[in-house]
Amino acid sequence: MKPLEILLTNDDSYTARGINVAAEFLRRYGNVTVVAPLEPQSGKSVSLTLRQPMYLDLLREEPGLRFFTLTGTPADCVKMGVKLLSDEGKFPGLLVSGINHGSNASSASLYSGTLGAAAEGTIYGIPSVGLSIDTHDPEADFSGVLAYLERIFDQIFNHGFDSGVYLNVNFPDTAPENIAGIRFARQGRGRWVKEYEPYRDAEGRDCYIMVGEFKDLEDGPCEPGPALPGDHKAVQQNYITIVPHLIDSTDYREAERLRGLWQLD
């Protein structure tokens with residue numbers, strides 16, 4: 001049996017501790033090809049680099065692992081990784097994006113380059129997973145992640161998930177003994193407010209920088225049970241959350257309702 005070909009990327013760039021932790025972890029499952037952005041690409045979602053050249057460089061190669069950088073977005077990195085493997089007569093059997101430094105729960109999932117890469121992999125028909133930890137600390141402690149990551153991937157390999165779906169997995173920033181468990185969740189309700197702060201640049205020109213405060217729009221606390229909790233609320237309570245996201249975001253029920261109400265003919 002041929003070994004599993006795993007494509008790994010992120011949006012924090014190749015220097016991030018998270019992607020290097022993920023690369024070492026994933027080697028137990030097969031051959032890992034890393035194509036990571038040369039520079040941080042947070043907030044890029046599924047954006048692509050158009051009308052300008054991109055540069056691919058091989059940083060290192062060893063048995064079961066090779067590490068490339070690309071001057072592009074996370075989605076570009078997925079496309080390039082598929083090309084590299086396809087040129088060798090191979091195809092990724094799994095795409096992993098992360099481990100991101102910073103939560104991608106709630107509405108952050110819409111902007112996330114980490115999840116943009118997972119979405120891009122799903123478009124290619126590759127089972128795709130985004131991994132994030134709820135801290136921006138560049139020296140984040142991943143012991144809590146590693147204590148549960150094998151359990152999650154064992155379930156992925158044993159049971160899989162539907163085509164057209166990618167998984168958004170968020171870990172609390174805490175020690176293994178403090179993790180409350182793993183919960184399937186839904187995209188939490190929230191948004192950012194007070195997002196732009198006035199600033200004056202070195203030339204004395206007025207400009208703005210993005211800062212923002214997250215506003216929680218959930219009705220109440222997360223209570224694990226039959227109803228899926230909002231992912232950001234569950235992470236705050238030290239749960240690992242798994243949210244299945246769809247590429248097809250059509251609201252079919254609303255489309256049918258509106259078709260019955262609107263007079264368009």
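Just so it is clear, the structure is predicted and the values come from calculations on it, not from any experiment. Numbering of residues starts from 1 in each chain and follows the order in which that chain's sequence is written. Where totals are concerned, whole chains, interfaces and linings use all residues; where local detail is concerned, this predicted model gives features only for residues with pLDDT of at least 70, and gives and counts side-chain atom pairs only at 80 or more. Excluding hydrogens and water, the side-chain figures rest on all heavy atoms present in the structure.

### What about the overall build of the protein chain?
Item 1. Along the protein chain, the regular secondary structure elements total seven helices and 13 strands.
Item 2. For the radius of gyration, the atoms used are the C-alpha atoms, and the globule rule reads 2.2 Å times the number of residues raised to 0.38. Computed over the C-alpha atoms, the radius of gyration of the protein chain is 19 Å, within 12% of the 18 Å expected from 2.2 N^0.38 for a compact globule of 265 residues.
Item 3. Dimensions of the protein chain, computed from the C-alpha atoms along their principal axes, are close to 55 × 55 × 55 Å.
Item 4. Among the 265 residues that make up the protein chain, the fraction classed as buried is 45%.
Item 5. Any two residues whose heavy atoms approach within 4.5 Å are treated as being in contact. A sequence separation of at least 24 residues applies to 74% of the contacts in the protein chain between residues at least 6 apart. Numbering of helices and strands starts at the N terminus; helices are DSSP runs of H or I of at least 4 residues and strands are runs of E of at least 2. Partly exposed describes any residue whose relative accessible area lies between the buried limit of under 20% and the exposed limit of over 50%, with all areas from a 1.4 Å probe on protein chains only and scaled to the type maximum.

### Some details on the pairing of strand β7 (residues 165–171)
Item 1. Across the seven residues that make up β7, a large majority, seven, are buried.
Item 2. Every second residue of β7 is oriented toward a common face, with Val165, Leu167, Val169 and Phe171 on one face and Tyr166, Asn168 and Asn170 on the other, all of them buried.
Item 3. Since strand β6 (residues 128–133) and β7 lie parallel, the crossover through helix α5 (residues 143–159) that links them has a hand, and here it is left-handed.
Item 4. In this scheme, strands are said to pair when DSSP sees at least two bridges between them. Summarising the sheet, β7 and strand β13 (residues 239–246) pair through six bridges and their orientation is antiparallel. Residue Asn170 lies in a different strand from β13, and its bridge partner there is Thr241. Orient the strands so they point away from the viewer; a crossover is then right-handed if the path from the first strand over the helix to the second runs clockwise.

### Structural notes on the side chain of Ser13
Item 1. In this structure, Ser13 sits in the loop between β1 (4–9) and α1 (17–26).
Item 2. Discounting residues that sit within four places of it in the chain, Ser13 has contacts with Ile19, Ala36, Pro37, Leu38, Glu39 and Pro40.

### Let's talk about the layout of surface pockets
Item 1. Quantified by volume, the largest pocket comes out at close to 520 Å³.
Item 2. Throughout, the protein atoms alone are placed on a 1 Å grid, and a set of points is a cavity if a 1.4 Å probe fits but cannot get out or a pocket if it is open with protein on both sides within 12 Å along at least five of seven lines; lining residues have an atom within 4 Å of a point. Lining the largest pocket are 21 residues, with Gly43, Ala108, Tyr111, His136 and Trp192 sitting closest to its centre.
Item 3. For the lining of the largest pocket, the secondary-structure elements that each account for two or more residues are β5 (94–101) and α3 (108–111).
Item 4. Amino acids outside the nonpolar list (Ala, Val, Leu, Ile, Met, Phe, Trp, Tyr, Cys, Pro) and the charged list (Asp, Glu, Lys, Arg) are all regarded as polar, and Gly is one of them. Its residues assigned to classes, the lining of the largest pocket comprises five nonpolar, 12 polar and four charged. Grid points are joined across faces, edges and corners, and a volume is the space filled by probe spheres set on the points.

### Here's the deal with the nonpolar core
Item 1. Formed by 35 residues in total, the largest nonpolar core has its most connected members in Leu8, Leu26, Val34, Leu131, Phe153, Val169 and Phe171.
Item 2. When neighbours within four sequence positions are excluded, Phe153 is seen to be in contact with Phe25, Leu26, Tyr29, Leu94, Val96 and Leu131.
Item 3. Membership of the second largest hydrophobic core comes to 12 residues, among which are Phe68, Cys77, Leu84 and Ile126. Only buried Ala, Val, Leu, Ile, Met, Phe, Trp, Tyr and Cys residues count toward a nonpolar core, and they belong to the same one when joined by side-chain atoms within 4.5 Å.

### Describing the sheet that holds strand β8 (residues 181–184)
Item 1. As summarised here, the arrangement of the nine strands in space is β3-β4-β2-β1-β5-β6-β7-β13-β8, forming an open sheet in which the pairing is mixed. Two strands in the sheet have a free side with no partner beyond their single neighbour: β3 (56–62) and β8. For this sheet the average axis-to-axis angle between neighbouring strands, irrespective of direction, equals 20°.
Item 2. Axis lines are fitted to C-alpha atoms, over the contacting stretch for helices. Their N-to-C directions set the angle, which ranges from 0 to 180 degrees. Each of β1, β2 (30–37), β3, β4 (65–70) and β5 touches helix α2 (residues 74–87); the most contacted strand, β2, lies at about 140° to it.
Item 3. Sheet strands in contact with helix α4 (residues 113–123) are β1, β5, β6 and β7, and its direction is about 170° off that of β6.

### Observations regarding the pattern of salt bridges
Item 1. The working definition used for a salt bridge is a side-chain nitrogen of Lys or Arg within 4 Å of a carboxyl oxygen of Asp or Glu. Under the counting rule described, the total for this entry stands at 15 salt bridges.
Item 2. Measuring nitrogen to oxygen at the nearest pair gives 3.7 Å for the salt bridge that ties Arg60 to Glu62.
Item 3. Taking relative accessible area as the criterion, Arg60 reaches 32% and is therefore assigned partly exposed.
Item 4. Here Arg200 makes a salt bridge to Asp206, at a shortest N to O gap of 2.9 Å.
Item 5. Given the relative accessible area of 55%, Arg200 is considered exposed.
Item 6. The network of salt bridges with shared partners includes Glu5, Arg66, Glu88 and Lys90.

### Here's the deal with a nonpolar patch on the surface
Item 1. A cluster of nonpolar side chains, Tyr196, Tyr208 and Met210, forms an exposed patch at the surface whose accessible area comes to about 430 Å².
Item 2. Checked against the element boundaries, Met210 lands in strand β11 (residues 206–210). Patches in this entry comprise residues that are over 30% relatively accessible and not in a salt bridge; like charges within 9 Å are linked, as are nonpolar side chains (Val, Leu, Ile, Met, Phe, Trp, Tyr) within 5 Å. Per-residue and other accessible areas follow the Shrake-Rupley method at a 1.4 Å probe size, with only the shown protein chains counted as cover for residues.

### Some points on a negative patch on the surface
Item 1. Lys and Arg are tallied as positive, Asp and Glu as negative. Neither His nor the chain termini are counted. A single reference atom marks each charge: NZ on Lys, CZ on Arg, CG on Asp, CD on Glu. Together, Asp134, Asp137, Glu139, Asp141 and Asp173 give the surface a local cluster of negative charge.
Item 2. Of note, Asp137 is situated in the loop between β6 and α5.

### Some details on the packing of α2 against α4
Item 1. Contact geometry of α2 with α4 gives a least axis separation of 8 Å together with a crossing angle of 35°. The element α2 and its partner α4 pack so that their crossing is right-handed. Residue-level contacts link Pro74, Ala75, Val78 and Lys79 of α2 to Gly113, Ala117, Glu120 and Gly121 of α4.
Item 2. Residue composition of the contact of α2 with α4, grouped by class: four nonpolar, two polar and two charged. Crossing handedness is defined as follows: a turn of the near helix away from the far one that is anticlockwise and smaller than a right angle gives a left-handed crossing, while the clockwise case is right-handed.

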